[in-house]
Each structure stands twice: as C-alpha cells, then as structure tokens.
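# Architecture at a glance
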Amino acid sequence: MENRKGARAIKDIPEMVLEGLNRGELSSVNLTEWLAIDQRLLVKHILGVLKRDFYTDIVLDAIEGLQKPTVNSINRCIGYTLYHLAKENEDKELFELLKQCKSDLVRCWATYFIGYNDSLDIREKLEAIKFFAADSHFGVREICWMAVRADIIAHLEESILILLAWTKDENEYIRRFATESIRPRGVWCEHIVVLKEKPELGLPLLEALKKDTSKYVKDSVGNWLNDAAKTRPDFVIDLCGRWEQEGANKDTQYIIKKALRSI
C-alpha cells in the first residue's frame, strides 16, 4: 500500500487504504486521498495513540462549531485547538509528537503551533516553519505557508529579506516557499493587497529565481507573476520584456510564458 498510485475518485479508494488514512497509519498519495480523510476519526485515533484522549472531546466540539467546515478550516481548527490545549496544560511534547507523525494531515496540524505562537517573531516563525517547507508531502508544504501567511503579510518587507536567503537553498521545496508564501493572490487564502498594487516589492525574490532549473519552483514564480498581472499587467509585461532583452534562457522563458498566459 505504501507504493500505491492513489485512486482518482474517493469512491474508488480501497477500504483498507481509507481505514489506514483515517487512523494516521498511512500518508495520502494524492489530492483525492487527502480530501477523503475524516479528520474527526483521525483526531480520535491519533490522540488515543499519543495518550491525549482528554483533548479529544474539546477538539471535536471545536470542529462542530465551525460554520463552514472544509478540509482546510477543519485542519486549521484542529491545529489552533491543540496548540492552545498544549499551552494551557504545559504539554511541551505534543508539538514534537505531531511533527514526527506518519500522517501528513497530522503534520499539517503541527504547522499551526508555529503560526499561532505569538511569542515568536517573524524571523523565528519562518525558521521554525522551514522544517515543514522541506516536507516530502505536498499537503504539508502547502499548509505550512498558509499557517504563517498572516505573519508574513504583517511583516512583509522583513519577510522578503529573510526569504531572499531561501532562494539559494539546495532544496527546491524551500526555494519554492519563498515565492509561493507571498503570492499576491494565493490559492485558498487571503490576498496580499500591497503586492497586488506594488508587485515591485517582490522583485528581489523573482530575480533570484528567474533561472531556477526546478519546474516546481518555476511554476511558482510564473504563477506569482500571473497573479500580479491581474492588477499590474504593466509590471509583468515590462519585467518579462527586460528578461527577454537580457537573454532569457529556457528556464526563464518557461516562467515568462506562464507569467503572460492571462494577459
């Protein structure tokens, strides 16, 4: 089951696989499986295994109180509730236990322990989230930037300076975080108004990654510029034109094509 490709529809997920996902014994291998996981069952099993049964009813009640329960809102709710329960009970082990869990969704819960920790400044939060930015699972990598995006927005210029160093990291996942976390119109999250109006602020990161050889990174840079083009097409057209004049290689050409696709 570890090397499965994953079903294309939730109804086609084998019963044994779904049970393993809901018990936190398997990691999801595609978006279909990720969306199929019943986080209520996952909470019950994981907190039981971690000998935190006394948290279970509180977390489940919090989920039931959501007005619009979605995979992401439930995910965030669980992370928020567990963080505060751990804080109130001085449970310093819980974060590390969740962080090392085999289930990708459980590791997602752990990212919110960083996002909601007001004792950390933006540099400390980004340094802490870096572990999750390098996670092998696509879901954890997406959720981790959402967990700290509000802090990034609140300290945007400082965050960009910190993330500039990430663009030189050997790990493509970490390089991608640098642009994906500050996309002007990020998917399933709050837009960054100042970047929609002044995309020039993100220029240091874009310049640093314009020749990246990783498709994963190039897609993020191209999507960033496509976001910016919705409000500032002039900026995107001028930037891509300048890159062309400077002798854009095949990697930059790939980004340019993706950036201009909606103009």
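Up top is the structure.
These remarks concern the structure in this document. Residues take numbers from 1 onward in each chain, read along the sequence in its written order. Whole-chain, interface and lining totals are the exception, using all residues; otherwise, since this is a predicted model, local features are given only for residues with pLDDT of at least 70 and side-chain atom pairs are given and counted only at 80 or more. Side-chain descriptors were evaluated using all non-hydrogen atoms of the structure, hydrogens and water having been removed beforehand.

## Brief notes about a nonpolar patch on the surface
Here is the rule we go by: Two distance rules govern patches: like charges are joined within 9 Å, and nonpolar side chains (Val, Leu, Ile, Met, Phe, Trp, Tyr) within 5 Å, applied only to residues with over 30% relative accessible area and no salt bridge. Note on areas: Shrake-Rupley, 1.4 Å probe, and residue coverage restricted to the protein chains presented here. Within this document, salt bridges are pairs made up of a side-chain nitrogen of Lys or Arg and a carboxyl oxygen of Asp or Glu, the two lying within 4 Å of each other. Every helix listed is a DSSP run of H or I at least four residues long, and every strand listed is a run of E at least two residues long, numbered separately from the N terminus. Think of it in three bands: with a 1.4 Å probe and only protein chains considered, a residue is buried below 20% of the maximum accessible area for its type, exposed above 50%, and partly exposed in between.
A contiguous nonpolar surface patch, about 490 Å² in accessible area, is contributed by Ile10, Leu31, Leu35, Val187 and Trp188. Take Val187: it is sitting in the loop between helix H11 (172-180) and helix H12 (193-197). A relative accessible area of 42% means that Val187 is categorised as partly exposed.

## Some points on the packing of helix H9 (residues 138-154) against H11
Just so we agree on the cut-off: Axis lines are fitted to C-alpha atoms, over the contacting stretch for helices. Their N-to-C directions set the angle, which ranges from 0 to 180 degrees. For classification purposes, angles smaller than 35 degrees are called roughly parallel, those larger than 145 roughly antiparallel, those between 65 and 115 roughly perpendicular, and all remaining angles oblique. By definition, any crossing whose near helix is turned counterclockwise from its far helix by less than a right angle is left-handed, and any crossing with a clockwise turn is right-handed. In this description, contact between two residues means that some pair of their heavy atoms is separated by no more than 4.5 Å. Nonpolar residues are Ala, Val, Leu, Ile, Met, Phe, Trp, Tyr, Cys and Pro. Charged residues are Asp, Glu, Lys and Arg, and all others, Gly as well, are polar.
Contact geometry of H9 with H11 gives a least axis separation of 10 Å together with a crossing angle of 40 degrees. The orientation of H9 relative to H11 falls into the category oblique. Note that H9 runs across H11; the crossing there is right-handed. In contact with Arg141, Glu142, Cys144, Trp145, Val148, Arg149 and Ile152 of H9, H11 contributes Tyr173, Arg176, Phe177 and Glu180. Residues of the contact of H9 with H11, tallied by class, amount to six nonpolar, no polar and five charged.

## As for helix H10 (residues 156-166)
Residues that lie three or four places apart on an α-helix share one face, since the helix turns once every 3.6 residues. Listing the buried residues of H10 in full gives Leu156, Ser159, Ile160, Ile162, Leu163 and Trp166. On the buried face of H10, the contacting elements are helix H8 (122-133), H9, H11, H12 and helix H13 (203-209).

## Section: the pattern of salt bridges
Tallying each qualifying case throughout the model produces 24 salt bridges. Note that Arg175 is salt-bridged to Asp212, the shortest N-O span being 2.6 Å. Taken as a pair, Arg175 in helix H11 and Asp212 in the loop between H13 and helix H14 (215-229) lie far apart in primary sequence, 37 residues in all. There is no split in this pair, since Arg175 and Asp212 are both buried. Two residues, Arg176 and Glu180, come together in a salt bridge whose shortest N-O distance is 3.6 Å.

## Some words on the environment of Leu42
Of note, Leu42 is situated in helix H3 (residues 39-49). On the accessibility criterion, Leu42 (0% relative accessible area) is buried. Along the sequence, Leu42 and Asp219 sit 177 residues apart, while their C-alpha atoms lie 32 Å from each other. Sequence-distant contacts of Leu42, that is, excluding residues within four places in its chain, are made with Leu21, Asn22, Arg23, Gly24, Ile37, Ser103, Leu105, Val106 and Trp109.

## Considering the side chain of Ser214
Counted only if it meets this: Here a polar contact means two N or O atoms within 3.5 Å. Within protein one must be a hydrogen donor candidate and the other an acceptor candidate, and residues neighboring in sequence count only if both atoms are side-chain atoms.
Topologically, Ser214 is positioned in the loop between H13 and H14. On the accessibility criterion, Ser214 (8% relative accessible area) is buried. In terms of polar contacts, Ser214 uses its side chain to reach the backbone amide nitrogen of Tyr216, at 3.2 Å. Among all residues touching Ser214, those that are not within four sequence positions of it are Glu172 and Arg175.

## Some remarks on the packing of aromatic side chains
So the rule is basically this: Centres within 6.5 Å are what make two rings of Phe, Tyr or Trp a pair, Trp counting through its six-membered ring; a difference in plane orientation under 30 degrees is then read as stacked, over 60 as edge-to-face, and the rest as tilted.
The full count for this structure, using the stated rule, is nine aromatic pairs. Consider the rings of Tyr80 and Tyr116, whose centres lie 4.8 Å apart with planes at 80 degrees: the pair is edge-to-face. Pair noted here: Tyr80 is in helix H5 (residues 71-88) and Tyr116 is in the loop between helix H7 (104-115) and H8, with a separation of 36 residues, a long-range link. Tyr80 gets classed as partly exposed once you look at its relative accessible area, which sits at 40%. Exposure remark for Tyr116: the relative accessible area of 27% places this residue in the partly exposed category. Taken together, a centroid distance of 5.2 Å and an interplanar angle of 85 degrees make the contact between Phe131 and Phe132 edge-to-face.

## Looking at the nonpolar core
For clarity, the threshold we go by: Buried residues of nine kinds, namely Ala, Val, Leu, Ile, Met, Phe, Trp, Tyr and Cys, make up a nonpolar core once their side-chain atoms join them within 4.5 Å.
If you look at the biggest cluster of nonpolar residues, it comprises 77 residues, and the most contacted ones within it are Leu82, Leu98, Leu126, Trp166, Phe177, Ile182 and Leu225. Not counting residues up to four positions away in its chain, the partners in contact with Leu225 are Leu206, Phe235, Val236, Leu239, Trp243, Ile255 and Ala259.

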